[in-house]
Amino acid sequence: FVLDGGEAEVANVTVDARSLAMTNDLKLDLKNKALLESAENTVKNGSGIWGIFGLGFLGGLIALLTPCVFPMIPLTVSFFTKQSKNKSKGIANAVLYGFFIILIYFLLSIPFHVFDSVDSQILNTIATNIWLNLLFFVLFIFFAFSFFGYYELTLPSSWANKMDEASSKIGGVFGIFFMAVTLAIVSFSCTGPILGGLLGGTALSEGDIATNLSAGMIGFGAALALPFALFAFFPSWLNSLPKSGGWMTTVKVVLGFLELALALKFLSNTDLVGHWGILKREIFIGIWIVLFLLMALYLFGFFRFPHDGPKQKLSSGRKLIGVLSLAFTIYLSLGLAKVVDLKLLSGILPPEFYSIYETQNDCPLGLNCFKDFEEGLEYAKAVDKPILLDFTGLACANCRKMEEKVWSETDIFPLLKEEYVLISLYVDDHEKMLPEEEQFSFQFDSGAVKEIKSVGAKWGTFQTLNFNAASQPYYVLLSPDLEVLNSSIQYTDRDTYKAWLESGLKKFHSQIIK
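What you are looking at is a predicted structure, and each value in this text was computed from that prediction instead of being measured.

Enquirer: Summarise the overall build of the chain; cite the residues concerned and give the values.
Expert: If you tally the helices and strands in the chain, you get 19 helices and six strands. Scored against the burial criterion, the 514 residues of the chain give a buried share of 49%. Across the chain, contacts joining residues at least 24 apart in sequence account for 76% of those joining residues at least 6 apart. If you sum the accessible surface of the chain, you get close to 24,800 Å²; carbon and sulfur atoms cover 63% of it.

Here you go:
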């Protein structure tokens, strides 16, 4: 559209004949393709969205306990209840204030929907970009040290002043909206790092990233808004609120250690996608052991940070969190020593095959896998076995969870090893470039053109073209003559996945008999 009211000029972008031919070469002549769209045996991702909403809600509850937000609750509720002409009007204004808080955080996710409409793979590309992950790594360390009290992280004070001034002048509904904006700005020093963690966690989740981010932002806003509405309905509850004090500083320090742990995840993504070989699984676990041990020592009062107040007797809550941190440190240490498995951290830690020790290969669980579709297809034809087509990612958290929690099961692993030909296509391998003669341009239905230069871009486009999907993990069962054996499936539980594999295998063998 044109802002000055003139007529828009439509630019018709086309790709050359060579690129069109190479795009057509990526298309598979799938038989029984309608089965991919069947709802049977397919796990819906609604639970994933609710999980992200819950993660956002939890983040919002944690933000409420910080010194940037907690003292605002009684002040704001008192303002609405005392300044209004009657109680019902005060309650209505407080509820409207809460609604605007949710709306503001939801609006922050809108740009990601715009990105996603241009290129279905763009958010995956952004989430696995080396430089962006390095930027997140640096930012989260920066956030952590602000939580430790070495400096204050704030947005320009003029922004908050202007919003506060606008709320006073305008009044009414718009005035309440600007009050909500003011809260979002002045609380940024505490909410910003938590929102960054939510963004990072969403980028690594299954399903549509933009939708998940909106769900997370709504959850975060809902948690922040909830006390303002509840205490407006029941103002007597304000008397039961704990007093502000040193416990809020402890909350910030704990969040600081968690920010450092999360920062390491972004560095791990960079290391995996960039094939650097620096942050192997054992090194990652070792650094986490040090971080959570330091957190336990802080909670037990062995050292202090600049913004800590006078030394006081340790509270029961602080001791409890310290014990939990120490227990988690021991759990990590036992995992590093191979005494226990660390399946609870699958998807967070680097994969097991990414080790400082020599491994059988760089395939999950030491399985024999192909990383090129044509090579895997030729092998499947030679041995006459069905194909498990696995669209995965180097930095895909849910892919690791499936491999380490589901594929490793004693009644599933033999199926993968003996009955199927595994073809794992990494859609986020943007550092491994295609030979120049294999690079081409791909045009989306929207008209946008994307240059396919890396291995990851090729397999991401391959997934979009043939299966109209862009999420990972994404699994398809095929016969060697490219007949679809079952509906596609994504992140799911052990029993569902086993039944899905067995169903595809049964159909393949019934075709052989025929």
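Moving on, there is more to tell.
Enquirer: Account for the pattern of salt bridges, with residues named and values stated.
Expert: Scanning the entire structure with this criterion turns up seven salt bridges. Residue Lys-498 is joined to Asp-411 by a salt bridge in which the shortest nitrogen-to-oxygen separation is 3.2 Å. A residue pair is termed long-range when its members are at least 10 positions apart, and Lys-498 in helix 19 (residues 494-513) and Asp-411 in the loop between helix 16 (397-407) and helix 17 (413-419) qualify at 87 residues. Because the salt bridges share partners, they merge into one network encompassing Glu-409, Asp-411, Arg-494, Asp-495 and Lys-498.

Enquirer: Lay out unusual backbone geometry with the relevant residues and their values.
Expert: Residue Asn-32 is not a glycine yet carries a positive backbone phi of 60°. For Asn-32, the position within the fold is in the loop between helix 1 (17-26) and helix 2 (46-64). A residue is classified by how much of its surface remains accessible, and Asn-32, at 35% relative accessible area, is partly exposed. Backbone geometry at Lys-338 places phi at a positive 65°, although glycine is not the residue there. As for its position among the elements, Lys-338 is in the loop between helix 14 (316-336) and strand 1 (369-370).

Cut-offs and rules
- As a convention, each chain's residues are numbered from 1 in the sequence order in which they are written.
- Residues qualify for local features only when their pLDDT is at least 70, as the model is predicted, and side-chain atom pairs are given and counted only at 80 or more; totals for whole chains, interfaces and linings, by contrast, use all residues.
- Based on all heavy atoms of the structure, the side-chain values leave hydrogens and waters out of the count.
- Each helix is a run of DSSP H or I of at least 4 residues and each strand a run of E of at least 2, with the numbering of both proceeding from the N terminus.
- Burial classification: accessible surface area is computed with a 1.4 Å probe over protein chains only, and a residue below 20% of its type maximum counts as buried, one above 50% as exposed, and the rest as partly exposed.
- Residues are treated as being in contact if the distance between any of their heavy atoms lies within 4.5 Å.
- Accessible surface area values rest on a Shrake-Rupley calculation with a 1.4 Å probe, where residue burial reflects the displayed protein chains alone.
- Definition used for salt bridges: Asp or Glu carboxyl oxygen within 4 Å of a side-chain nitrogen of Lys or Arg.

Keep in mind these numbers describe shape, not what the thing actually does.
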